[in-house]
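Spelled out, the chains give:
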Amino acid sequence: MSNIKQWVEDELHNILGLSDSLLTEYIVDLAKKSNSVSDLVYDLHKSAGVPKTEKLEEFAGKLIGQLPQKQKKVAVNSKELQLKSARQSEIKNKSYAFIPEPKVKVPKKKSKKQSSESEDETVVVKKK
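Note that the coordinates shown come from a computational prediction; the quantities given were computed from them, not determined experimentally.

S.K.: I'm lost on the packing of aromatic side chains in this one. Help?
M.R.: Centre distance and the angle of the planes are the two values used to describe a pair of aromatic rings. According to the stated counting rule, one finds one aromatic pair in the structure shown. The interplanar angle of 20° and the centroid separation of 5.5 Å between the aromatic rings of Trp7 and Phe59 together place this pair among those described as stacked. Of this pair, Trp7 sits in helix α1 (residues 2-16) while Phe59 sits in helix α4 (residues 54-66); the two residues are 52 residues apart in sequence, bridging distant segments of the chain. You'll find Trp7 and Phe59 in the same group, each marked buried.

S.K.: Please explain the side chain of Thr24 as it appears in this structure.
M.R.: Mapped onto the fold, Thr24 is located in helix α2 (residues 21-33). Once you skip the residues sitting within four places of it in the chain, Thr24 turns out to touch Lys5, Val8, Glu9 and Leu12.

S.K.: Just checking my understanding: could you explain the pattern of salt bridges for this structure?
M.R.: Side chains carrying opposite charge are able to pair once their charged atoms draw close together. For the coordinates displayed, the defined rule picks out two salt bridges. Of the charged contacts in the structure, one is a salt bridge between Glu58 and Lys62, with a shortest N-O distance of 3.3 Å. Linking Glu58 with Lys62, this pair stays in helix α4, spanning four residues, or about one helical turn. Residue class for Glu58 comes out partly exposed when judged on its relative accessible area of 48%. A salt bridge links Lys94 to Glu90; its shortest N-O distance comes to 3.7 Å. Of this pair, Lys94 and Glu90 both sit in helix α5 (residues 78-94), separated by four residues, roughly a single helical turn.

S.K.: Any chance you could explain the nonpolar core here in plain terms?
M.R.: In summary, soluble globular proteins display a tendency toward joint burial of nonpolar side chains. In terms of nonpolar packing, the biggest core is built from 17 residues, with Val8, Ile27, Leu40, Leu44, Phe59 and Leu63 touching the most fellow members. Going through the elements one at a time, α1, α2, α3 (37-48) and α4 are the ones with two or more residues in this core. Filtering out sequence-adjacent residues up to four positions away, Leu40 remains in contact with Ile27, Leu30, Ala31, Ser34, Ala60, Leu63 and Ile64.

S.K.: What am I meant to see in α2 here?
M.R.: Spanning 13 residues, α2 covers 19 Å between terminal C-alpha atoms, matching the ideal 18 Å at 1.5 Å per step. Within α2, burial applies to Thr24, Ile27, Val28, Leu30 and Ala31. In an axial view of α2, the angular spread of the buried residues amounts to 160°, which keeps them on one side of the axis. Among the exposed residues of α2, those oriented more than 90 degrees off its buried face are Leu22 and Lys33. The inward-facing, buried residues of α2 contact α1, α3 and α4. Two or three places before Leu22, at the opening of α2, Asp20 has a side-chain oxygen 3.4 Å from that residue's backbone nitrogen.

S.K.: Sorry, what's going on with the packing of α2 against α3 here?
M.R.: A pair of packed helices can be characterised by two numbers: the angle between their axes and the separation between those axes. Interaxial distance between α2 and α3 falls to 10 Å at its minimum, and their mutual angle equals 140°. Accordingly, the angle class assigned to the pair α2 and α3 is oblique. Viewed along their axes, α2 and α3 form a crossing whose handedness is right-handed. From α2, Leu23, Tyr26, Ile27, Leu30 and Ala31 reach across to α3, where they touch Leu40, Asp43, Leu44, Ser47 and Ala48.

Conventions and cut-offs
Residues numbered from 1 in each chain as written. Predicted model: local features only at pLDDT ≥ 70, side-chain atom pairs only at ≥ 80, totals over all residues. Heavy atoms only, no water. Phe/Tyr/Trp six-rings, centres within 6.5 Å; stacked < 30°, edge-to-face > 60°. Helix = DSSP H or I, 4+ residues; strand = E, 2+ residues; numbered from the N terminus. Buried < 20%, exposed > 50% of the residue type's maximum accessible area, 1.4 Å probe, protein only. Contact = heavy atoms within 4.5 Å. Salt bridge = Lys/Arg side-chain N within 4 Å of Asp/Glu carboxyl O. Core = buried A, V, L, I, M, F, W, Y, C linked by side-chain atoms within 4.5 Å. Expected span 1.5 Å × (residues − 1). Arc of directions from axis to C-beta. Polar contact = N/O pair within 3.5 Å; in protein donor to acceptor, adjacent residues only side chain to side chain. Axes fitted to C-alpha atoms, helices over the stretch in contact; angles between N-to-C directions. Parallel < 35°, antiparallel > 145°, perpendicular 65-115°, else oblique. Left-handed = near helix turned anticlockwise from the far one by under 90°.

Here is the structure:
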């Protein structure tokens, strides 16, 4: 990385007629954050006051080319995350099954007519 900083200082001296270690670090950091050469040129012009010239564009292109390639972050949409979570929940929910309620024998209530007919009769009812 120090080779890049030295190269940037040399190039700044050629472009601006001066070189400074703080300005060099700032420019290297800008280059790391830039997505393209045109973004870097724009940032250098707006924030550092470097005049837009062909030399600047050439310098920016070489600088970005010398930096290690950054990993592109995959932008994940919050809706995509919600859909994925919902799908996982649905799959999990489908794996569940209802537990059958136990059958309980409950004696039948006797009415006046039934009491004389049979006394051992029981009814099977589901418990709620």
